[in-house]
Amino acid sequence: MTSAQEDFWAFLRAATPARIALGRTGDSLPTRRVLDFQLAHEQARDAVHAELDADALGEELSAWTPAIVHSEAADRTSFLQRPDLGRALSPHSAKALIPGNYDVTIVIADGLSAAAAQTLAPTVCRMLLAQDFVFAPPVVAVQARVALGDEIAVAQGARMVVMLIGERPGLSACRSLGAYVTFDPRPGVTTDAGRNCVSNIRPGGLSAEEASSRILAIMRLAQTIKATGTRLKEDAALALTAPQNIS
Amino acid sequence: MSYACALGASNYVFPDLRTLLARASPDRAGDRLAGLAARSGEERVAARIALADVELVRFLGETLVPYETDEVTRLILDSHDRAAFAPVASMTVGDFRDFLLSDEASGRFLAALAPGITPEMAAAVSKLMRNQDLIAAARKISVVSRFRTTIGLPGRLSARLQPNHPSDDLTGIGAAILDGLMYGCGDACIGINPATDSAARALLLLERIDDLRLRFDIPTQSCVLAHVTTTLQVIARGGPVDLVFQSVAGSEAANRAFGVDLALLDEAHSAVRGLNRAPQGANLMYFETGQGAALSAGAHHGVDQQTMEARAYAVARRYSPLLVNTVVGFIGPEYLYDGKEIIRAGLEDHFCGKLLGLPMGADVCYTNHARADQDDMDNLLTLLGVAGCAYVMGVPGADDIMLGYQSTSYHDALYVRRALGLRPAPEFESWLKTYEIMDARARVRPKLTGRSAKLLGRGAS
């Protein structure tokens, strides 16, 4: 026998993956809900500490001869506590990038969820690479923060960078990918206001197809107006390519 | 000017006020990351001993971030109210702590003092205060703000209903809103963080919430927490914008990293006022802040993160906002490493905000890469409830499925109200009773047979 009660609006649970209509005992959560939460939390913490298999990603994208680079953060512990190291390319890696003249470079980075980058980024990456831009060889970046992409783009001679990076794991989504598009990235100068973000790319969130079309719309408009960030509104980008997607 | 403290054989010298404040700060990850933290426990206390002797007027003469190049510094100094400051003008920082905790410092007195206090003074005195001091002083101050509800009254605790969805799905968001209303949350506002920064989507979301509000006569206000430039577009399209939201920080350069400056915020404030959706004299802005924002943008000017946070409140104060909250554990362990650091920061931010005259709430939260868990949040939530926090977040099951972090839940809001005898905003409380969500004993207990069921039958959008 339990004192916990179901909510009479429990039928609404089908409408959202959010933890709604959890029921109650008094003002508190039922035992089962408390334990569900603890399990999800521990799983998410485990996801944060997982490592990226960069070689496997490299093989998956071998048709485009990707490069593998490392930030200055030597391991996960140092990555979590020193964001400055995660934004700097290791000197050895900088030498591994060959300069050229490109429209765009795509970087796949572990960020805070290696599993998201490992499983979700290759599909989005392939969809983008099939488009009509002059792409640099894609880059797989280990122990990387968003701003590491700026340095990579400069080293490769790319005018724009698309960073596909593991987002901080949530309880319901340990594997969620974010895409940051930056035109004319400048290491140490470009701020978040200079980027456009498409987030929540994952099963149950934004599909790879939808995400790719949004990223692409941003890339196209960025190339036209020669800017990203607060000067580029996603509405305007989508309006240029697919007006039916707005509402 | 340098500051010094001799302790036995050691003579600690701090070259300027900025360094003195940083060394006096309770230990935390962001100051260690910035290389600003005290190098030993003894140095930290030496800095506090030296800081206790600094006169408050000193903060008007020695700027931490240059006046010439930073509009936040100019805002702080140019808007400083000398007359309001007069009662404490001869005090040192140490005297000021003693005064804040004294019987003379009544809530009324402290409210009148607020325009005379600068963020740097607030930050400085907080560094000499223990957690219980931060609670005891904040508890005396009540800052009341108004729109369709009255927020911040003594004995009340409001909740922002935060029904986020990873793809801004209208049905999903609608379901989470109904769930929150059934749990007595939403009196601070119904505030959605959008997954993408789209004016078209923000407009649609605001229209749907406004329909729901009008249909059931819910006394609350809504907000889509998009970038201010996006909200300006929604206003230009005639959207039902109650509140303009923006994240702000404590330096001009940090705000630039957020894509804003004071001129833009002025423009937005004036635009939302022009909509005339609120009763006369209502508060129309909503700001979020958080320790570490300036450092993460490389715009901290060698100032410790807690002082930079307090400077963000000067930006907020300019607009007499309805809501201001620190998102205390959101930014991550690089800035606040564990539960202890998050709890301390939450109490500091709440105290400093209230001392500066803001209707201060808190997003009691943490991320999965921080060393913190629900027990830490329970502690901070309870402490803030005791400290007289204006509002907290209500996120379904404490799990924000869009932003990927854990905040407080609808259940948590009920818990803290119950444990501390706090009630929702008066207008909202009446509505909860009218709709039989709240029973005769002021408990939130909706029944299938009550009027609340109508909300479900007709309300799902």
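Everything numeric here is computed off the predicted structure, so don't read it as measured data.

1. What about the overall build of chain A?
Right, so step 1: Of regular secondary structure, chain A possesses 9 helices and 6 strands.
Right, so step 2: When burial is assessed residue by residue, chain A has 54% of its 247 residues classed as buried.
Right, so step 3: Relative to all contacts within chain A whose residues are 6 or more apart in sequence, the contacts with residues 24 or more apart total 65%.
Right, so step 4: On chain A, roughly 10600 Å² of surface is accessible, and the fraction owed to carbon and sulfur atoms is 52%.
Right, so step 5: Side-chain charges of chain A comprise 23 positive and 26 negative groups, with the mean position of each set lying 4 Å from the other.

2. A word on the environment of R317(B)
All names here are of chain B.
Right, so step 1: Tracing the sequence through the fold places R317 in helix α17 (residues 305-317).
Right, so step 2: A residue is classified by how much of its surface remains accessible, and R317, at 23% relative accessible area, is partly exposed.
Right, so step 3: Sequence separation between R317 and A440 is 123 residues, and the spatial gap between their C-alpha atoms is 39 Å.
Right, so step 4: The residues touching R317, leaving out its near neighbours within four places in the chain, are A114, P115, I117, L356 and L358.
Right, so step 5: Polar side-chain contacts of R317 include one of 3.1 Å to the backbone oxygen of I117.

3. As for the interface of chain B and chain A
Right, so step 1: In this assembly, 66 residues from chain B lie in contact with 52 residues from chain A.
Right, so step 2: Of the roughly 4500 Å² buried at the junction of chain B and chain A (both faces included), carbon and sulfur atoms supply 57%.
Right, so step 3: When residues of chain B are sorted by the area they lose upon contact with chain A, N368(B), H369(B) and H411(B) head the list and together hold 14% of the total.
Right, so step 4: Our count for the chain B to chain A interface comes out at 4 salt bridges.
Right, so step 5: Linking D399(B) and R19(A) is a salt bridge whose minimum nitrogen-to-oxygen distance equals 2.7 Å.
Right, so step 6: Where chain B touches chain A, the interface holds 19 residue pairs in polar contact (both at pLDDT 80 or more).
Right, so step 7: Among the elements of the structure, α11 (170-182), α12 (199-216), α13 (228-236), α14 (252-257), α20 (410-420) and α22 (452-459) of chain B are those that each provide at least two residues to the side of chain B that touches chain A.
Right, so step 8: By residue number, the principal contributor to the side of chain B that touches chain A is α11(B), which donates 7 residues.

4. Topic: the UniProt feature "binding site: substrate" (unreviewed entry) in chain B
Residues and elements named next belong to chain B.
Right, so step 1: In the UniProt entry, the feature "binding site: substrate" (unreviewed entry) is given for R160, L161, Q162, N193, E288 and D363.
Right, so step 2: In this fold, L161 is placed in strand β5 (residues 158-161).
Right, so step 3: If near-sequence neighbours (up to four positions away) are discounted, L161 is found in contact with A176, I177, G180, L181, C185, G186, C189, I190, G191, G394 and Y410.
Right, so step 4: Within the secondary structure layout, Q162 lies in the loop between β5 and α11.
Right, so step 5: If we skip the residues at most four places from it in the chain, Q162 touches G191, N193, D363, M393, G394, V395, P396, D400, L403 and Y405.

What counts and what doesn't
Residues numbered from 1 in each chain as written. Chains lettered and ligands numbered in written order. Predicted model: local features only at pLDDT ≥ 70, side-chain atom pairs only at ≥ 80, totals over all residues. Heavy atoms only, no water. Helix = DSSP H or I, 4+ residues; strand = E, 2+ residues; numbered from the N terminus. Buried < 20%, exposed > 50% of the residue type's maximum accessible area, 1.4 Å probe, protein only. Contact = heavy atoms within 4.5 Å. Areas by Shrake-Rupley, 256 points an atom, 1.4 Å probe, with all protein chains shown as cover. Lys, Arg positive; Asp, Glu negative; His and termini not counted. Charge placed at Lys NZ, Arg CZ, Asp CG, Glu CD. Polar contact = N/O pair within 3.5 Å; in protein donor to acceptor, adjacent residues only side chain to side chain. Buried area = accessible area lost by both parts, 1.4 Å probe. Salt bridge = Lys/Arg side-chain N within 4 Å of Asp/Glu carboxyl O. UniProt positions renumbered as here; feature names shortened; annotations may be inferred.

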